[in-house]
Amino acid sequence: MAAPTADKAPRMFEQTFKNLDDVLWKEAGCSSELDYTEQSSWILFLKYLDDLEQEYEQEAELGDIPYEYIIDAEYRWSTWAAPKKDGKPDRDNAKTGLT
């Protein structure tokens, strides 16, 4: 799959956030965007931090320098939100917040 072009990227993100809004609005019983803005921001921050730490780890490996993650393994995005089994996404064990 090719990377989205610059003019399509904003629309792609806009649609992603609209989908998130729809799910939270319907399934979580939120009455407005203000009800879940804090949670959404925190989740996006955790995703960003996980990506940044993976990048730092790769740079450290290239320089043959040990790297210590800031966040323990069990709390990292890649562990709880996007776990892998045999190198593939493990959707059965991903934490979605749904019961």
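Residues numbered from 1 in each chain as written. Predicted model: local features only at pLDDT ≥ 70, side-chain atom pairs only at ≥ 80, totals over all residues. Heavy atoms only, no water.

> What should I look at first to understand the environment of Lys47 in this one?
In this structure, Lys47 sits in helix α2 (residues 37-62). C-alpha separation for the pair Lys47 and Ala82, spaced 35 residues apart in sequence, amounts to 9.9 Å. (Helix = DSSP H or I, 4+ residues; strand = E, 2+ residues; numbered from the N terminus.)

> Is there a simple way to explain the pattern of salt bridges in this structure?
It is possible for side chains bearing opposite charge to pair when their charged atoms get close. Going through the model one piece at a time under the given rule, you end up with 1 salt bridge. For Asp51, the salt bridge goes to Lys47, with nearest N and O atoms at 2.8 Å. Taken together, the residues Asp51 and Lys47, both in helix α2 and 4 residues apart, mark about one turn of the helix. By relative accessible area, which is 34% here, Asp51 ends up partly exposed. For Lys47, a relative accessible area of 30% translates into the label partly exposed. (Salt bridge = Lys/Arg side-chain N within 4 Å of Asp/Glu carboxyl O. Buried < 20%, exposed > 50% of the residue type's maximum accessible area, 1.4 Å probe, protein only.)

> For this particular structure, what's the right way to read α2?
Count 3.6 residues to each turn of an α-helix, and residues three or four apart come out pointing the same way. An ideal rise of 1.5 Å per residue puts 38 Å on 26 residues; α2 measures up with 38 Å between its terminal C-alpha atoms. All buried positions along α2 are accounted for by Ser40, Leu46, Leu49, Asp50, Glu53 and Ala60. (Expected span 1.5 Å × (residues − 1).)

> Can you walk me through unusual backbone geometry in this structure?
Note: most residues except glycine have negative phi, and most peptide bonds are trans. Within the chain, Asp64 stands out as a residue other than glycine whose phi angle is a positive 55°. By relative accessible area, Asp64 is classed as exposed at 71%.

> I keep staring at the packing of aromatic side chains and nothing clicks. Help me out?
Here the distance between the centres and the angle between the planes together describe a pair of aromatic rings. Under the counting rule described, the total for this entry stands at 3 aromatic pairs. Seen in terms of ring centroids, Tyr56 and Tyr67 are 6.4 Å apart; in terms of plane orientation they differ by 65°. Their pairing is edge-to-face. Taken together, the residues span a long stretch of sequence, with Tyr56 in helix α2 and Tyr67 in the loop between α2 and α3 (77-80) at a distance of 11 residues. Accessibility expressed as a relative area gives 38% for Tyr56, which makes it partly exposed. Members of the aromatic cluster, each reached through a chain of ring pairs, are Tyr56, Tyr67 and Tyr69. We note Arg76 situated over the ring of Tyr69; from NZ or CZ to the ring centre the distance is 3.7 Å. (Phe/Tyr/Trp six-rings, centres within 6.5 Å; stacked < 30°, edge-to-face > 60°. Lys NZ or Arg CZ within 6 Å of the ring centre and 35° of its normal.)

Read these as layout, nothing more, since geometry by itself doesn't imply function.
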